[in-house]
Amino acid sequence: MAEAADFQGTSASPARRWLRRTGALLAGAPLLAGLLQLPAAPPADAAGQESPQAAAGAGSVSVAVDSLSPSAPSEGDTVTVSGTVTNNGKQTVTGAHVDLQVGPPLETRSSIDTLAKKSDDLQGPSGEKVGGKYTEKFSALTPGVAEPFSISVPADKLDLGRDGVYQLAVALSGETAAQPWDQVRGIQRTFLPWQPEEAGTRTKTTFLWPLVSSAHIAAETGSNEQQTPVFRDDELAEEIAPGGRLDQMVSLGKGLDVTWVVDPDLLASVDAMTRSYQVRAADGTITPGRNQEAAKHWLAELQQAVTGEEVAALPFGDPDVASLAHNGTNVTGSLSHLKEATDVADETVETILHVKPSTDFAWPVDGAVDPSIVKVATSAGADKVITRSDSLQDNLSYTPSAARPIGGGTTAVVADSRMSTAFQGDLTKASASTLAVQRFLAQSLTLGLQTGKQRSVVVAPQRMPSVSQAQAMAEALGALQGGAWSESQDLTAAAKAKPDPAANTKVPPTSAYPSSLPKQELPRAAFEQIARTQGKLDKFKVILTRQSRVVTPFGRAMNREMSTSWRGRGVAAVGYRDGIETYLNGLIDGVKLIQKSETKLSGRSATIPVTVQNNLVQGVEHLKLRLTSMNPTRLKIGGDAYEEQRVTVNGGHAQSVKFTTSANANGRAKVVAQLYTEDGQTYGAPVTFDVKVTEVTPTVMLVIGGGVLLLVLAGFRMYTQRKRAAAREADEDDTAETDDEIDGPQSQADAPQNPEASGARLKEESEAGSRADAPEQPSDPAPDTAAESADPSGTGERVDR
């Protein structure tokens, strides 16, 4: 990008400085000519060490500028530079001294970038030494030993001229045994913004202060009335504890004029910690949470910090709109999750922080956009997209204002990429942090000096700054807000600022999207799994008597499944989604049919009980239980092939449902029990069992009944016959005895006169006796006539059978 050095005339001080330098150059010309005729420098020592000045890169001594105060000095200030020098070589450096060197102003923003990349390069420009008493000396620098230094110099001794950004170099010079001449052994360059008087036109700067974290809560809750939340880990407690990342973000941001960009999920999670909550450990055990006081303190501090400040709310869970645009739009229901996350954001923030947030802004990862991202980002109601100048680039010699229309009623708020990325990387070392602060201020001042027109600039740093990054951001922002060239502005005002007519308003094509970003996006499979989970939830919720106990926690969990925080954490993202789906499957399986073994059915009709078990805390309704006979010709249920009955089961109870059946034939019939929702969708797994049918017809019943009756009659007949026979025998004995006594033996005259009749009667009596003794068969027919008198029959009387 071209940039103009659009500065006004040179003040008297730089003119004098230029004359002094010209005079010194002319005076040293003869000396320089003589030096050119001297022999080359002595060769490297026996150890093969090369002269640091002859090689590009850092020298044998590292110089770390740990502090530069003030960061942006004014007239009358004293600039103090502190740090350490460390001898990384193998030889002791003698006659060592640390000097400050001031270079010429850096005219463009790109020149600041170039210098920052070569901040410790010995071959780069170093500037003019301040010299005099503003030098710190060391008798010797031992290898491997770090020595501190601190140099304080009045600002007027630095000979700074017109407003601008000056190179300030801290250089260590000295000698070694192999190179016994004084030369620079190490250097560190930084930037010194110089704006002693208030600028005529201040740059309006908007700094986004993000409060975003990763997902800490899943869908699991306790079974009590309060639905105690279960946290996946205890990392959030560490972040809000004193000294933690989020604690530092609130503490540092409290005294700054910033726009707070908040993920409502973070607020909801900390708010849940203020009450009873549980934490699931890595081994699966659940323990009570113990950080209620820390959560209450953090929320109280945040509520105080945002009072009177602008709060912009991201959609709940901070959904990754770029991943959604590239991989999720073709998956049914994905966009509806973004809409739900946006709708719930307003209420969540207002309820917890007691401020009305702005929900008009979408913030894609790294501010990178293409047409599909813009379309998805605005589909949920946002009409402003926070992008970045390295995505929506301008071919201008200056940096235009942030706001610009990009069509369709959408405004792109273009954050400055140089200032937004100034605090990335490892800033745990004081030297790295100081360099980041000075570079940020240098870019801001140079931007402001480009034109005489007032512009609005937005700074959108990384979403989750570390503690060291947050501290550097706060230090830089404090210096900027106390400086003379910038004034604060909130995000809404920046979005409404008058656009620069020359600024680019065309969204870059998909081909221009940074190739490194898609590699970290959520894949299509992630959105398909979310859709599958949503489908199961939709079928499950219709049977619940208290749907909100399930719908709300699962809805928020699915918002978290789309979170931007999963970038670069693919394995963890899969584990989180699997955990949500598995937990939902467990709840669905809590309402099920009890398995049945083979059922035996005797008789023409009977009832079959089927039991529905509800292991949920709440009751279920709107269910139908259908029992179907797979062989209706043998076994009918409810007079047909199947029958349905409505089912309502209280929480923690079981209900048995009875179905009437009718049998038509013997044998086994397969029966299937299945639960259905009211809209006809199957619910849960079916239960299949066999019914063994033993059919009994009316004819068989008559035969059996007749046989039983014959047995009874036969027994009665045998009893009466034996009784009669016994009576006759007794009578005959008595008669015979009387005859013997009176008449003596029977004479031939007393014998029967008809032998054939007598023989027939004896034969008949014999057959009757034998039949009475024989068992009667069940198939024997019942008698056709009524029973005769039970009195003993006379001799020769026929006995009916």
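Residues numbered from 1 in each chain as written. Predicted model: local features only at pLDDT ≥ 70, side-chain atom pairs only at ≥ 80, totals over all residues. Heavy atoms only, no water.

Asker: Before we move on, could you go through the overall build of the protein and cite the residues and values that matter?
Answerer: Along its length, the protein carries 19 helices and 30 strands. For the protein, the proportion of its 801 residues judged to be buried stands at 45%. For the protein, contacts bridging at least 24 residues in sequence account for 78% of all contacts bridging at least 6. Accessible surface, the protein: about 38,500 Å² in total, of which carbon and sulfur atoms supply 52%. (Helix = DSSP H or I, 4+ residues; strand = E, 2+ residues; numbered from the N terminus. Buried < 20%, exposed > 50% of the residue type's maximum accessible area, 1.4 Å probe, protein only. Contact = heavy atoms within 4.5 Å. Areas by Shrake-Rupley, 256 points an atom, 1.4 Å probe, with all protein chains shown as cover.)

Asker: Just give me the short version of the nonpolar core, but keep the residues and values in it.
Answerer: In terms of nonpolar packing, the biggest core is built from 73 residues, with Phe540, Leu625 and Leu627 touching the most fellow members. Leaving out residues up to four positions away in the same chain, Phe540 has contacts with Val550, Leu584, Leu587, Ile588, Leu616 and Tyr683. If you look at the next biggest cluster of nonpolar residues, it comprises 66 residues, including Leu236, Leu445, Met473 and Leu480. (Core = buried A, V, L, I, M, F, W, Y, C linked by side-chain atoms within 4.5 Å.)

Asker: Tell me what's going on with the environment of Gln393, and back it up with residues and numbers.
Answerer: Within the fold, Gln393 resides in the loop between strand S17 (384-388) and strand S18 (403-405). Overall, the relative accessible area of 48% leaves Gln393 in the partly exposed class. When the C-alpha positions of Gln393 and Val507 are compared, they lie 9.2 Å apart, and in sequence the two are 114 residues distant.

Asker: Summarise the sheet that holds strand S25 (residues 620-629); cite the residues concerned and give the values.
Answerer: Overall, mixed pairing links the five strands, which are arranged S23-S30-S29-S25-S27 in an open sheet. Edge strands, defined here as strands with exactly one partner in the open sheet, are strand S23 (599-602) and strand S27 (642-649). Taking each pair of neighbouring strands and ignoring which way they run, the sheet shows an average axis angle of 30 degrees. Pairing between strand S29 (residues 667-677) and strand S30 (residues 682-694): nine bridges, direction antiparallel. In the sheet register, Val672 faces S30, and the bridge partner there is Thr688. (Pairing = 2+ DSSP bridges. Axes fitted to C-alpha atoms, helices over the stretch in contact; angles between N-to-C directions.)

Asker: Quick rundown of the packing of aromatic side chains? Include the residues and the values.
Answerer: Applying the stated rule across the entire model yields six aromatic pairs. Judged by centre distance (6.1 Å) and plane angle (45 degrees), the ring pair of Phe207 and Trp209 falls under tilted. Residue class for Phe207 comes out buried when judged on its relative accessible area of 2%. Judged by centre distance (5.2 Å) and plane angle (45 degrees), the ring pair of Phe423 and Phe440 falls under tilted. Of this pair, Phe423 sits in the loop between helix H11 (417-420) and helix H12 (430-448) while Phe440 sits in helix H12; the two residues are 17 residues apart in sequence, bridging distant segments of the chain. Exposure remark for Phe423: the relative accessible area of 0% places this residue in the buried category. (Phe/Tyr/Trp six-rings, centres within 6.5 Å; stacked < 30°, edge-to-face > 60°.)

Asker: Describe the pairing of strand S24 (residues 605-614), with residues and values.
Answerer: Bridge analysis of strand S22 (residues 591-593) against S24 gives three bridges, and the strand direction is antiparallel. Following the sheet pairing, Val591 is matched in S24 by Asn614. In this sheet, strand S28 (residues 654-663) lies alongside S24 in antiparallel orientation, the contact comprising nine bridges. Counterpart to Pro609 in the pairing with S28 is Lys658.

Asker: Please set out unusual backbone geometry residue by residue, giving values where relevant.
Answerer: Across the chain, the bulk of peptide bonds are trans and the bulk of non-glycine residues have phi less than zero. Across the junction of Ser69 and Pro70, the peptide omega takes the value -5 degrees, indicating a cis bond. Its identity as a non-glycine residue notwithstanding, Asp159 has a phi of 55 degrees, on the positive side. Within the secondary structure, Asp159 is located in the loop between strand S6 (146-154) and strand S7 (164-175). A positive phi angle is found at Asp318, which is not glycine, with a value near 55 degrees. With respect to the helices and strands, Asp318 occurs in the loop between strand S15 (311-313) and helix H8 (321-328).

Asker: An account of the sheet that holds S6 is requested, with residue identities and associated values reported.
Answerer: A sheet is described by the order of its strands in space; here three strands give the open sequence S1-S2-S6, paired in antiparallel fashion. If you trace the sheet from one side to the other, it starts and ends with strand S1 (61-69) and S6, each paired once. Each neighbouring strand pair of the sheet contributes to a mean axis angle of 20 degrees, computed without reference to strand direction. Sheet topology places strand S2 (residues 78-87) next to S6; nine bridges connect them, and they run antiparallel. Residue pairing across strands places Val79 opposite Val153, the latter belonging to S6.

Asker: Please give an account of the pattern of salt bridges that cites residues and values.
Answerer: Taken as a whole and assessed by the stated rule, the structure comprises 31 salt bridges. Residues Asp271 and Arg275 are paired through a salt bridge, measuring 3.3 Å at the closest nitrogen-oxygen approach. Residue Asp271 is classed as partly exposed on the basis of its relative accessible area of 23%. Across the pair Arg524 and Glu528 runs a salt bridge, and its minimum N-O distance is 2.8 Å. In this pair, Arg524 and Glu528 are both assigned in helix H15 (residues 524-541), four residues apart and thus about one turn of the helix distant. Taking relative accessible area as the criterion, Glu528 reaches 36% and is therefore assigned partly exposed. One salt-bridge network, in which partners are shared between bridges, spans Asp113, Arg418 and Arg439. (Salt bridge = Lys/Arg side-chain N within 4 Å of Asp/Glu carboxyl O.)

Asker: Explain the side chain of Asn87 to me, using residue names and the numbers behind them.
Answerer: Within the element layout of this structure, Asn87 appears in strand S2. Of the residues examined, Asn87 reaches a relative accessible area of 1% and is grouped as buried. There is a polar contact of 2.9 Å between the side chain of Asn87 and the backbone nitrogen of Gly89. Residues in contact with Asn87, not counting those within four places in the same chain, are Ser60, Val61, Thr92, Val93, Leu141, Thr142, Pro143, Gly144 and Val145. (Polar contact = N/O pair within 3.5 Å; in protein donor to acceptor, adjacent residues only side chain to side chain.)

Asker: I'd like a description of helix H5 (residues 245-253), backed by residues and values.
Answerer: Buried residues dominate H5, accounting for seven of its nine residues. Among the residues making up H5, those that are buried are Arg245, Leu246, Asp247, Gln248, Met249, Val250 and Gly253.

Asker: Residue-level account of the packing of H15 against helix H17 (residues 570-588), with values.
Answerer: H17 packs onto H15 with a crossing angle of 20 degrees between their chain directions and a minimal axis gap of 10 Å. Judged on the interaxial angle alone, H17 and H15 are roughly parallel. Judged by the sense of rotation from one axis to the other, the crossing of H15 with H17 is left-handed. Between H15 and H17, the contacting residues are Ala526, Gln529, Ile530, Arg532, Thr533, Lys536, Leu537 and Phe540 on the first element and Arg577, Asp578, Ile580, Glu581, Leu584, Asn585, Leu587 and Ile588 on the second. (Parallel < 35°, antiparallel > 145°, perpendicular 65-115°, else oblique. Left-handed = near helix turned anticlockwise from the far one by under 90°.)

Asker: Help me get a handle on helix H16 (residues 548-561), residues and values and all.
Answerer: End to end, H16 covers 19 Å across 14 residues, agreeing with the expected 20 Å (1.5 Å per residue, within 8%). Taken together, the buried positions of H16 are Arg549, Val550, Pro553, Phe554, Gly555, Arg556, Ala557, Met558, Asn559, Arg560 and Glu561. Packed against the buried residues of H16 are strand S10 (217-221), helix H6 (264-273), helix H9 (334-353), H15 and H17. (Expected span 1.5 Å × (residues − 1).)

Asker: Before we move on, can you summarise the environment of Ser60 with the specific residues and values?
Answerer: Its place among the elements puts Ser60 in the loop between helix H2 (29-36) and S1. In this structure Ser60 comes out as partly exposed when scored by relative accessible area, which is 22%. C-alpha separation for the pair Ser60 and Gly186, spaced 126 residues apart in sequence, amounts to 6.3 Å.

Asker: Give a detailed account of the side chain of Asp346, specifying residues and quantitative values.
Answerer: For Asp346, the location among the structural elements is in helix H9. At 2.9 Å, the side chain of Asp346 forms a polar contact with the side chain of Lys356.

Asker: Break down the packing of H9 against H16 for me, with residues and values.
Answerer: In a packed pair of helices, the relevant descriptors are the angle between the two axes and the axis-to-axis distance. Where H9 contacts H16, the axes come no closer than 10 Å and their chain directions differ by 110 degrees. Regarding the angle of H9 to H16, the classification is roughly perpendicular. For the crossing formed where H9 meets H16, the hand is left-handed. Contacts between H9 and H16 involve His337, Glu340, Ala341 and Val344 from the first element and Arg556, Met558 and Asn559 from the second.

Asker: Explain the confidence of the model for the protein residue by residue, including any values.
Answerer: Low pLDDT marks stretches whose predicted atomic positions should not be read closely. For the protein, per-residue confidence averages 85 on the pLDDT scale, and residues scoring 70 or more make up 82% of the total. Segment residues 1-55 is flagged for pLDDT under 50; beyond a separation of four residues in sequence, or across chains, it makes 64 contacts in the model. Note on residues 736-801: pLDDT under 50 across the span, and 42 contacts to partners over four residues away in sequence or across chains. (pLDDT = per-residue confidence, 0-100.)

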